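Analysis of the macromolecular model
Each chain is listed here by its residues.
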There are 2 protein chains.
Amino acid sequence: MPYSFKQLPPQAKCIRCKGQAEIPLPSHHANFCRNCFFHFFKTAVQRALKKLKVGPKTPIMVAVSGGKDSLATWESLNELGFQTKGLYINLDIEEFSSASRQAIERFANSRNLNWSEYHLKEIFGYSILDIYKRMRGKICSVCGRLKRQFLNRLTIKEGFEIVATGHNLDDEAGRLLGNLIGNRAEYVTKQYPYLPAPNPYIPAKLKPLYRLEKKEILIFCELKDIQPVSINCPLSKGATSHKFKNALEYLEKEMPGIKRHFLFSYLKGKSLPTNESFGICKQCGEPTYADLCSVCNLKNRLEQKDRKSRPKYE
Amino acid sequence: MPYSFKQLPPQAKCIRCKGQAEIPLPSHHANFCRNCFFHFFKTAVQRALKKLKVGPKTPIMVAVSGGKDSLATWESLNELGFQTKGLYINLDIEEFSSASRQAIERFANSRNLNWSEYHLKEIFGYSILDIYKRMRGKICSVCGRLKRQFLNRLTIKEGFEIVATGHNLDDEAGRLLGNLIGNRAEYVTKQYPYLPAPNPYIPAKLKPLYRLEKKEILIFCELKDIQPVSINCPLSKGATSHKFKNALEYLEKEMPGIKRHFLFSYLKGKSLPTNESFGICKQCGEPTYADLCSVCNLKNRLEQKDRKSRPKYE
């Protein structure tokens, strides 16, 4: 998906170096040349990392899906000198997953980077399509919950203490809007782009791109010759999160800058969440805040459905 | 602007009486016949009035602009047996104001209702166009503030203790969204569809239509043969409030019912605001929370501008 940004007139000047500008960023009320755009992008990533006080050369696991956000995250962390490794959970969703895998392979090979692949079917017992067939309605939140849990577990298993995800400003602002419209104050309070490890079984979490908009990441990928997967997950069509992002996109178009102002005003003044006491899942021994972790919870529900649908004479 | 609602198939049943339905209301996941729609509308108004414990026959001043909301408010309060009088502040904005005035006159004459008219120019010294010429940018918030102040003062002057305005669910939800996105917690807390009189100089305020959506009010007007002004204020084009309403309208279309759920979840559990201590404007003696009331404040700014633009040799 080459993203072609709007052509600027020849007299447009870069806001930083005053040279010829190429890249318009209306939400910053600014135009940039290529070099200064890279500087802007890098600074935004560095500001995101600063909060967690991650030193250079720290090993960071990067959750990769083959999409623009995760590949741009991986590229940025490498450029900043971190030791990175990609972590791909293959969901085996037909062509979507094979195209995603190819995008990761292409990116990693061209840059000589390491990555691991795990199939959800192997680590959980059910693939996303298996789950989709057994559950009614939208699968996105279930899929998100599973990926979150397994990213935690696999990061620790692979010997890393930090995992980075590709969530961008649009993702974070959309989630915040959804939580505000749903009046879920507890989620609004908890939403944070960097979370220290609450205990030795859960890695610290980083969202290096939380200060960057989708559009800026598309431009970054185009300029860096990163070729992300160009098809969307066929199961995510009509996801609620897309709708809140669309509503914000409309407001951003009408009032450039409102989206980042909105997100940052809620993050400002928040202090890092404190460690929470946690228990151990009765079933699998992984850390959880309830009796059963969400993975075991879902697995039990799926197995129950399977037992019910089995003919009784078996 | 006759609002023509979507035709329902002949087998569509009214959710209340099971007769033939005529009126689809997707945000209620319901269809209604005419009679049951009127019952639904009346109940929504009664629920709004209940909170302020307004007894029957209470005199209520109705702020009218000639638009669908204020005329539907006036109609509903009359039907419920209140003693009403219309209060129109003529802004003298060219054809818009003359068409508004005509709509009010037509409505009031056909129902034999009393109303008073005041010209902003006469009560304030400047018309909206006078102010528009002197101020840069959007005028909507200034106009709103002036109307609010003069509605208060004129309601008391005319011997009423309650003023009703036509704010509907879309207005209230849009305002709430704007305040949440702007992270203005103090306004979120203060937003309330019924305010008791804080002192003898300010009337109690009612928004009888705050539980009804724009679309429902358009249908009500059409069925009651109310002909509101059919042109929009030429100065309100691009108003920020419209943008937040549009964003919510998009979400409502995608997730019917979300708009009312959003507003009501924030209002739920709120208790009526308590009386606040207030002072007296040093300039005009009207009640205010600051040294100067907002009307005098604006007037001083306008007069200062006039002095500055006057040639010095005068």
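Residues numbered from 1 in each chain as written. Chains lettered and ligands numbered in written order. Predicted model: local features only at pLDDT ≥ 70, side-chain atom pairs only at ≥ 80, totals over all residues. Heavy atoms only, no water.

**Some thoughts on the sheet that holds strand E4 (residues 83-90) of chain B**
Residues and elements named next belong to chain B. Strand order across the open sheet formed by six strands is E5-E4-E3-E6-E8-E7, with mixed pairing between neighbours. Two strands in the sheet have a free side with no partner beyond their single neighbour: strand E5 (115-119) and strand E7 (194-195). By the bridge criterion, two bridges tie strand E3 (residues 59-63) to strand E6 (residues 162-164) in an arrangement that is parallel. Paired with Met 61 across the two strands is Val 163, which belongs to E6. Packed onto the sheet, helix H3 (residues 94-111) meets E4 and E5 and runs at close to 165° relative to E4. (Pairing = 2+ DSSP bridges. Helix = DSSP H or I, 4+ residues; strand = E, 2+ residues; numbered from the N terminus. Contact = heavy atoms within 4.5 Å. Axes fitted to C-alpha atoms, helices over the stretch in contact; angles between N-to-C directions.)

**A look at helix H2 (residues 68-79) of chain B**
Residues and elements named next belong to chain B. With 12 residues, H2 extends 16 Å between its outermost C-alpha atoms, agreeing within 8% with the 16 Å of an ideal straight helix rising 1.5 Å per residue. Here H2 lies mainly inside the structure; 10 of its 12 residues are buried. Those residues of H2 lying buried are Lys 68, Asp 69, Ser 70, Leu 71, Ala 72, Thr 73, Trp 74, Glu 75, Ser 76 and Leu 77. (Expected span 1.5 Å × (residues − 1). Buried < 20%, exposed > 50% of the residue type's maximum accessible area, 1.4 Å probe, protein only.)

**So, the relation of the copies chain A and chain B**
Between the two copies, chain A and chain B, the superposition gives an RMSD of 0.0 Å; the rotation angle is 180° and the shift along the axis is 0.0 Å. Each copy turns onto its partner about a two-fold axis. Within chain A, the C-alpha atom positioned nearest to the axis of rotation is that of Ala 247 of chain A, 2.6 Å from it. Taken as a fraction of all interface residues of chain A, those also at the interface in chain B reach 100%, which identifies the copy contact as same-surface. (Least-squares fit on C-alpha atoms with pLDDT ≥ 70 in both.)

**Considering the interface of chain A and chain B**
With 18 residues of chain A at the contact, the number on the chain B side is 18 residues. Counting the surface chain A buries against chain B, the share from its top three residues, Ile 181, Asn 183 and Lys 243 of chain A, is 31%. Between chain A and chain B we count two salt bridges in total. Glu 254 of chain A serves as the salt-bridge partner of Lys 243 of chain B, at 3.9 Å between the closest nitrogen and oxygen. (Buried area = accessible area lost by both parts, 1.4 Å probe. Salt bridge = Lys/Arg side-chain N within 4 Å of Asp/Glu carboxyl O.)

**Comments concerning a nonpolar patch on the surface**
A cluster of nonpolar side chains, namely Tyr 201, Phe 278, Ile 280 and Tyr 289 of chain A, defines an oily patch on the protein surface of about 420 Å² accessible area. Relative to the elements of secondary structure, Tyr 201 of chain A occurs in the loop between strand E7 (194-195) and strand E8 (204-206). (Patch = residues over 30% accessible without salt bridge, like charges linked within 9 Å, V, L, I, M, F, W, Y side chains within 5 Å. Areas by Shrake-Rupley, 256 points an atom, 1.4 Å probe, with all protein chains shown as cover.)

**Side note on the pattern of salt bridges**
All names here are of chain A. What the rule picks out here adds up to 36 salt bridges over all chains. Between Lys 259 and Glu 213 there is a salt bridge, with its nearest N and O atoms 3.5 Å apart. Placement of the pair is Lys 259 in helix H11 (residues 258-267) and Glu 213 in the loop between E8 and helix H9 (214-223), with a sequence separation of 46 residues. The pair formed by Lys 259 and Glu 213 is uniform in burial state, with each residue classed as buried.

**Section: helix H6 (residues 140-157) of chain A**
For H6 of chain A, with 18 residues, the first-to-last C-alpha span of 25 Å sits near the 26 Å given by 1.5 Å per residue. Of all the residues in H6 of chain A, the buried ones are Val 142, Cys 143, Leu 146, Gln 149, Phe 150, Leu 151, Asn 152, Arg 153, Leu 154 and Thr 155 of chain A.

**Some thoughts on the packing of helix H7 (residues 169-181) of chain B against helix H10 (residues 240-254) of chain B**
The angle between the axes and the distance between the axes are what describe a pair of packed helices. Residue and element names in this part refer to chain B. Packing of H7 against H10 leaves a shortest axis separation of 8 Å and a crossing angle of 105°. As judged from the angle between their axes, H7 and H10 are roughly perpendicular. Here Asp 170, Asp 171, Ala 173, Gly 174, Leu 177, Gly 178 and Ile 181 of H7 come into contact with H10, specifically with Phe 244, Lys 245, Ala 247, Leu 248 and Glu 249. (Parallel < 35°, antiparallel > 145°, perpendicular 65-115°, else oblique.)

**Side note on the confidence of the model for chain A**
In the predicted model, chain A carries a mean pLDDT of 90, and 95% of its residues have values of at least 70. For this predicted complex, the interface score ipTM comes out at 0.87, alongside a pTM of 0.89. (pLDDT = per-residue confidence, 0-100.)

**Digging into the nonpolar core**
The nonpolar side chains of soluble globular proteins are, as a tendency, buried together. With 134 residues, the main nonpolar core has Phe 37 and Trp 74 of chain A together with Phe 37 and Trp 74 of chain B as its most contacted residues. When sequence neighbours within four positions are dropped, the list of residues in contact with Phe 37 of chain A reads Ile 23, Leu 25, Phe 32, Glu 216, Ile 219, Phe 220 and Leu 223 of chain A. Within the second largest apolar cluster, 32 residues are counted, among which are Ile 93, Phe 96, Ile 139 and Leu 151 of chain B. (Core = buried A, V, L, I, M, F, W, Y, C linked by side-chain atoms within 4.5 Å.)

**Comments concerning the side chain of Glu 75 of chain A**
Residue and element names in this part refer to chain A. Structurally, Glu 75 can be placed in helix H2 (residues 68-79). The class of Glu 75 is buried, set by a relative accessible area of 9%. Residues contacting Glu 75, with those up to four places away along its chain left out, are Phe 107, Arg 111, Phe 220, Lys 224 and Ile 226.

**Here's the deal with the sheet that holds strand E3 (residues 59-63) of chain A**
Residue and element names in this part refer to chain A. Read from one edge to the other, the open sheet built from six strands follows the order E5-E4-E3-E6-E8-E7, with strand pairing classed as mixed. One side of each edge strand has no neighbouring strand; the edge strands of this open sheet are strand E5 (115-119) and E7. Here five bridges tie strand E4 (residues 83-90) to E5, and the two strands are oriented parallel to one another. Opposite Leu 87, over in E5, you have Ser 116 as the bridge partner. In this fold H2 packs onto E3, E4, E5 and strand E6 (162-164), with an angle of close to 165° to the strand it touches most, E3.

**Describing the packing of aromatic side chains**
In this description, a pair of aromatic rings is defined by centroid distance and the angle of the planes. Taken as a whole and assessed by the stated rule, the structure comprises 28 aromatic pairs over all chains. Ring geometry for Phe 124 of chain B against Tyr 126 of chain B: centres 5.9 Å apart, planes inclined by 50°, an arrangement best described as tilted. Each member of the pair, Phe 124 of chain B together with Tyr 126 of chain B, is buried. We note Arg 153 of chain A situated over the ring of Phe 150 of chain A; from NZ or CZ to the ring centre the distance is 5.7 Å. The ring centre of Phe 38 of chain A lies 4.5 Å from the NZ or CZ of Lys 224 of chain A, which sits over that ring. (Phe/Tyr/Trp six-rings, centres within 6.5 Å; stacked < 30°, edge-to-face > 60°. Lys NZ or Arg CZ within 6 Å of the ring centre and 35° of its normal.)

**Concerning a positive patch on the surface**
All names here are of chain A. A surface patch of like charges, here positive, comprises Arg 136, Arg 145, Arg 148, Arg 175, Arg 301, Lys 305 and Lys 308. Mapped onto the positive patch, the elements with two or more residues apiece are H6 and helix H12 (294-309). With respect to the element layout, Lys 308 can be found in helix H12. (Lys, Arg positive; Asp, Glu negative; His and termini not counted. Charge placed at Lys NZ, Arg CZ, Asp CG, Glu CD.)

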